[in-house]
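# Descriptive analysis of the structure
Listed here are the chains, written in short residue letters.
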Amino acid sequence: MVDRTGETASTIKDAIALCRAELYSPVLADTLDGLGFRRQSPAAPLALLDPETVLCGLARVGLYMPVYHDDEALDVYGIEIELVDSLKPDELPVLVCHGNTRIAPWGELLSTRARHLGAAGCLTDGAVRDVRQIRAMNFPVASAATSPVDTRYRGKMMMYDVPGEIGGVAVESGDLVFADIDGVVIVPAARILETVNAALAKARLETTVRDELLRGDSLATVFARHRIL
């Protein structure tokens, strides 16, 4: 593994690599708070299938609607297949089901194709199936629920690369999505470098704070010194 300690991000690719190497959702959330973005963590109970994984990549937003039948005219999988086949390295589908966990738009076979393309994982406020197989792949996926049922007869992606909302947070293709065991954070595309570099500085200072607490300095003293808690 490349040691990136002390580096800063000058490109989006750098930012993603540094996020994976050093950052965690609370420090990103705190940083966004400080920049005036205080609604960037979805309120919905979204969780990683494997809490040991980290989901970090650029959103590709797809919007679903409920359906109650399937036929050739409906073509329930067509647009979903287009999105998955178009994924580029470090991108990840953000599948907006509007909190409808009756829809399970992600599973093992889509994960297999996405991983082959270098995609970073998947985030959905719907359900996910084939959990054991996805965990065995070590492919990061976060969802609102799990379910054994297919989207067929239940839901269809209607469009992609359009604005969406997940758990009350606006999301667009190109936004940075980060998820770990603490939760999910979405960084607006135009503020990725600023946010990541500020979060790196905060995370590195938190290491100093931790060291001072471990040596016995009081919480009040350390907070007065660094204004970090």
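Below is a summary of the structure that appears in this document. (Residues numbered from 1 in each chain as written. Predicted model: local features only at pLDDT ≥ 70, side-chain atom pairs only at ≥ 80, totals over all residues. Heavy atoms only, no water.)

### Description of the overall build of the protein chain
For clarity, the cut-off: Helical segments are the DSSP runs of H or I of at least four residues, strand segments are the runs of E of at least two, and each set is numbered from the N terminus. Atoms counted for the radius of gyration: C-alpha only. Globule rule: 2.2 Å times residue count to the power 0.38. Relative accessibility decides the category of a residue: with a 1.4 Å probe and only protein chains considered, values under 20% of the type maximum give buried, values over 50% give exposed, and everything between is partly exposed. By the convention used here, residues are in contact when the closest approach between their heavy atoms is within 4.5 Å. Surface accessibility follows the Shrake-Rupley procedure with a 1.4 Å probe radius. Residue values consider only the protein chains on display as shielding. Residues counted as positive are Lys and Arg, residues counted as negative are Asp and Glu, and His and the chain ends are not counted. Charge positions are represented by NZ for Lys, CZ for Arg, CG for Asp and CD for Glu.
Of the regular secondary structure elements, the protein chain holds seven helices and twelve strands. In terms of overall dimensions, the protein chain is globule-like: its C-alpha atoms have a radius of gyration of 19 Å, near the 17 Å expected for 229 residues. Its C-alpha atoms put the protein chain at 65 × 35 × 30 Å along the principal axes. Expressed as a percentage of the 229 residues in the protein chain, the buried residues total 47%. In the protein chain, of all internal contacts separated by at least 6 residues, the share reaching a separation of at least 24 is 73%. Total accessible area computed for the protein chain in this model is approximately 11200 Å², and 54% of it derives from carbon and sulfur atoms. With 23 positive and 32 negative side-chain charges, the protein chain shows a separation of 2 Å between the mean positions of the two kinds.

### Description of the side chain of K202
Checked against the element boundaries, K202 lands in helix α6 (residues 192-214). When residues no more than four places from it in sequence are discounted, the contact partners of K202 are V27, D30, T31 and I228.

### Thoughts on the pattern of salt bridges
Definition in use: Here, a salt bridge means any side-chain nitrogen of Lys or Arg that lies within 4 Å of a carboxyl oxygen of Asp or Glu.
For the structure on display, the rule yields nine salt bridges. The shortest N-O distance in the salt bridge between K202 and D30 comes to 3.9 Å. In this pair, K202 is assigned in helix α6 and D30 in helix α2 (residues 25-34), connecting sequence segments 172 residues apart. With relative accessibility at 17%, the residue K202 sits in the buried group. R60 is the partner of D161 in a salt bridge, and the nearest nitrogen-oxygen pair spans 2.8 Å. With a gap of 101 residues between them, D161 in the loop between β8 (155-160) and β9 (164-166) and R60 in strand β2 (residues 55-66) connect regions that are remote in the sequence. Note on R60: relative accessible area 8%, which makes it buried. Among the ionic contacts, a cluster of salt bridges with common partners joins R60, E91 and D161.

### Remarks on the nonpolar core
Proteins that are soluble and globular tend to have nonpolar side chains buried together. Rule in force here: Remark: nonpolar core denotes a set of buried residues (Ala, Val, Leu, Ile, Met, Phe, Trp, Tyr, Cys) joined through side-chain atoms within 4.5 Å.
By size, the foremost hydrophobic cluster in this structure holds 21 residues, and its most contacted members are L95, W106, I134, F139 and V141. Elements with a contribution of two residues or more to this core: α3 (78-85), α4 (108-116) and α5 (131-137). If you tally residues by element for this core, the top one is α5, at three residues. Beyond its immediate chain neighbours, meaning those up to four positions away, I134 contacts L49, W106, G107, E108, S111, V128, R129, F139 and V141. Core analysis: the next-biggest nonpolar cluster, separate from the first, contains 20 residues, L28, L32, A199 and A203 among them.

### A word on the environment of A114
For A114, the location among the structural elements is in helix α4. Measuring from C-alpha to C-alpha, the distance between A114 and D75 comes to 21 Å, with 39 residues separating the pair along the chain. Setting aside its immediate chain neighbours within four residues, A114 contacts V84, L87, W106, A119 and F139.

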